[in-house]
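# Examination of the molecular architecture
Here's the letter readout for the chains.
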Amino acid sequence: VQLVESGGGLVQPGGSLRLSCATSGFTFSSYGMSWHRQAPGKERELVAAISSGGGSTNYGDSVKGRFTISRDNAKNTVYLQMNSLNAEDTAVYYCHVRRGFDYWGQGTQVTVSS
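In this report, the structure presented in the accompanying data block is examined. Here the residue numbers are simple positions, counted from 1 along each chain's written sequence. Predicted model: local features are reported for residues with pLDDT of at least 70 only, side-chain atom pairs are reported and counted for 80 or more only, and whole-chain, interface and lining totals are derived from all residues. To get the side-chain values, take all heavy atoms of the structure and skip hydrogens and water.

### Remarks on the state of the cysteines
Whenever a pair of cysteine sulfur atoms sits within 2.5 Å, that pair is classed as a disulfide. Applying the stated criterion to the full structure yields one disulfide. One disulfide in the model links Cys21 with Cys95; its S-S distance is 2.1 Å. Across the S-S bond of Cys21 and Cys95 the torsion is about -85°, and the bridge reads as left-handed. Of this pair, Cys21 sits in strand β3 (residues 17-24) while Cys95 sits in strand β9 (residues 91-99), and the two are 74 residues apart along the sequence. Each of the two residues, Cys21 as well as Cys95, counts as buried. Helix and strand assignments follow DSSP, with helices taken as H or I runs no shorter than four residues and strands as E runs no shorter than two, numbered in order from the N terminus. Exposed residues in this analysis have more than 50% of their type's maximum accessible area, buried residues have under 20%, and partly exposed residues fall in between, with area computed by a 1.4 Å probe over protein chains only.

Given below as structure tokens:
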């Protein structure tokens, strides 16, 4: 199982970013996927999750209405569209799948700063 995140970077408050997580090594369309984040000195938290078919999603309270998770089962990729970013969104963002064990990507840094 391999999860490779991309799309992070430095963005100004109020800006947007789109994260991608390219996957391989498992039947992507059979598994729910999720994004998590970890800020310095804080525990890792769930940002958003999506069902295997994409028909069901859920979000952490702090990102509801601003972030959107989606997936393309033909491309084995899950996305996180992040809008109206603020400094509290600064963190390393991780892609995750539970396939017996928990698998994580290497993470991508998102920094929101002026």
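### Things to note about the pattern of salt bridges
Between Lys or Arg on one side and Asp or Glu on the other, a salt bridge is scored when a side-chain nitrogen of the former is within 4 Å of a carboxyl oxygen of the latter. Under the counting rule described, the total for this entry stands at five salt bridges. One salt bridge connects Asp89 with Arg37, and the closest N-O pair in it is separated by 2.9 Å. Of the two residues, Asp89 is situated in the loop between β8 (77-82) and β9 and Arg37 in strand β4 (residues 33-38); the sequence distance between them amounts to 52 residues. When sorted by exposure, Asp89 lands in the same class as Arg37, which is buried. On the accessibility criterion, Asp89 (1% relative accessible area) is buried. Salt bridges here are not isolated pairs; linked through shared partners, they connect Arg37, Glu45, Arg66 and Asp89.

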